[in-house]
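The lines below spell out each chain.
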Amino acid sequence: MKVLLTNGSPHQKGCTYTALCQVADALNQNGIDTDIFWIGNKALSGCIACKSCRKKGLCVFQDTVNEFLEIAGDYDGFVFGTPVHWGAASGGMTSFMDRVFYTDLNSNGGRFYLKPAAAVVSARRAGTTATWDQVNKYFALMQMPIITSRYWNIVHGQNPEEVKRDLEGMQTMRILGKNMAFFLQCKELGVKMGLPYPRQEEITFTNFIHD
């Protein structure tokens, strides 16, 4: 089993990366392989709702979103990390996640169905819980079990060294990794014992305005 951890910071090896590495170490120590995917620091367009993904299964824009989508199906779990920018996820990460999940949803890709996910948030000071709520909404819509720790999955610091000195934050990351490993192992055991996946229903859309 393996987990893909996504670094949504414009800094490849900054504070967010430091937190994700702590999660990855805990996963590795509990028998789960990991990779870290960086979204990069080039401009990422937001979703333009062109719906080209319905036909192609990928986004119309060729960038790290499609690079991620090409490999996502090979992973059993996901962690999405982001710094706090203006009390929310970074602009790049927001565009990235909008397009990743919209593409999968519209193309019926099934890359994320019932795969566990977690949000990791890094900030100097504030905006962490609002960002955590923001990122978790993607998982809830995509039928992804949300993995938690003993505290909200956040770290504080202006640079990697300060993040490492956030002892509670680092412990929270370790516990998060352990909890995700446990969930993945339980899921694998259930599948091996013949527990079937829930029967899927046709999606019903209800508009609020009627003629």
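Every value quoted in this text rests on a predicted model; they were computed, and no experiment measured them.

Colleague: What is the right way to look at the packing of helix α1 (residues 15–29) against helix α7 (residues 167–192) in this model?
Modeller: Packed helix pairs are specified by the crossing angle of their axes together with the interaxial distance, meaning the distance between the axes. At a minimum axis distance of 7 Å, the contact between α1 and α7 shows a crossing angle of 40 degrees. The pairing of α1 with α7 is recorded here as oblique in orientation. Relative to α7, the crossing made by α1 is right-handed. Within the contact between the two elements, α1 uses Ala19, Gln22, Val23, Ala26 and Leu27 and α7 uses Met170, Met173, Arg174, Leu176, Gly177, Lys178, Met180 and Ala181. Grouping the amino acids of the contact of α1 with α7 by side-chain chemistry returns nine nonpolar, two polar and two charged.

Colleague: Help me understand unusual backbone geometry in this model?
Modeller: Glycine aside, residues mostly have negative phi angles, and peptide bonds mostly take the trans form. Backbone geometry at Lys51 places phi at a positive 65 degrees, although glycine is not the residue there. Mapping Lys51 onto the fold places it in the loop between β2 (33–38) and α2 (53–56). Since its relative accessible area comes to 34%, Lys51 is described here as partly exposed. Backbone geometry places Asn108, a non-glycine residue, at a positive phi of 55 degrees.

Colleague: It is not clear to me how the pairing of β2 should be interpreted in this structure. Could you clarify?
Modeller: Across six bridges, strand β1 (residues 2–7) lies against β2 in parallel orientation. Bridge pairing links Thr6 to Phe37 in β2. As for the winding sense of the linkage, the β-α-β connection from β1 through α1 to β2 is right-handed.

Colleague: Please explain empty space enclosed by the protein as it appears in this structure.
Modeller: Which parts of space are left empty comes out when a probe the size of a water molecule is rolled across the atoms. Inspection of every chain in the model, using the stated rule, returns one cavity of 30 Å³ or more. For the lining of the largest cavity, the class distribution of residues is 10 nonpolar, three polar and two charged.

Definitions and limits used
- Residues numbered from 1 in each chain as written.
- Predicted model: local features only at pLDDT ≥ 70, side-chain atom pairs only at ≥ 80, totals over all residues.
- Heavy atoms only, no water.
- Axes fitted to C-alpha atoms, helices over the stretch in contact; angles between N-to-C directions.
- Helix = DSSP H or I, 4+ residues; strand = E, 2+ residues; numbered from the N terminus.
- Parallel < 35°, antiparallel > 145°, perpendicular 65-115°, else oblique.
- Left-handed = near helix turned anticlockwise from the far one by under 90°.
- Contact = heavy atoms within 4.5 Å.
- Nonpolar A, V, L, I, M, F, W, Y, C, P; charged D, E, K, R; others polar.
- Buried < 20%, exposed > 50% of the residue type's maximum accessible area, 1.4 Å probe, protein only.
- Pairing = 2+ DSSP bridges.
- Right-handed = clockwise from strand over helix to strand, strands pointing away.
- 1 Å grid on protein atoms, 1.4 Å probe; cavity = no way out; pocket = protein on both sides within 12 Å on 5 of 7 lines; lining within 4 Å.
- Points joined across faces, edges and corners; volume = space filled by probe spheres on them.

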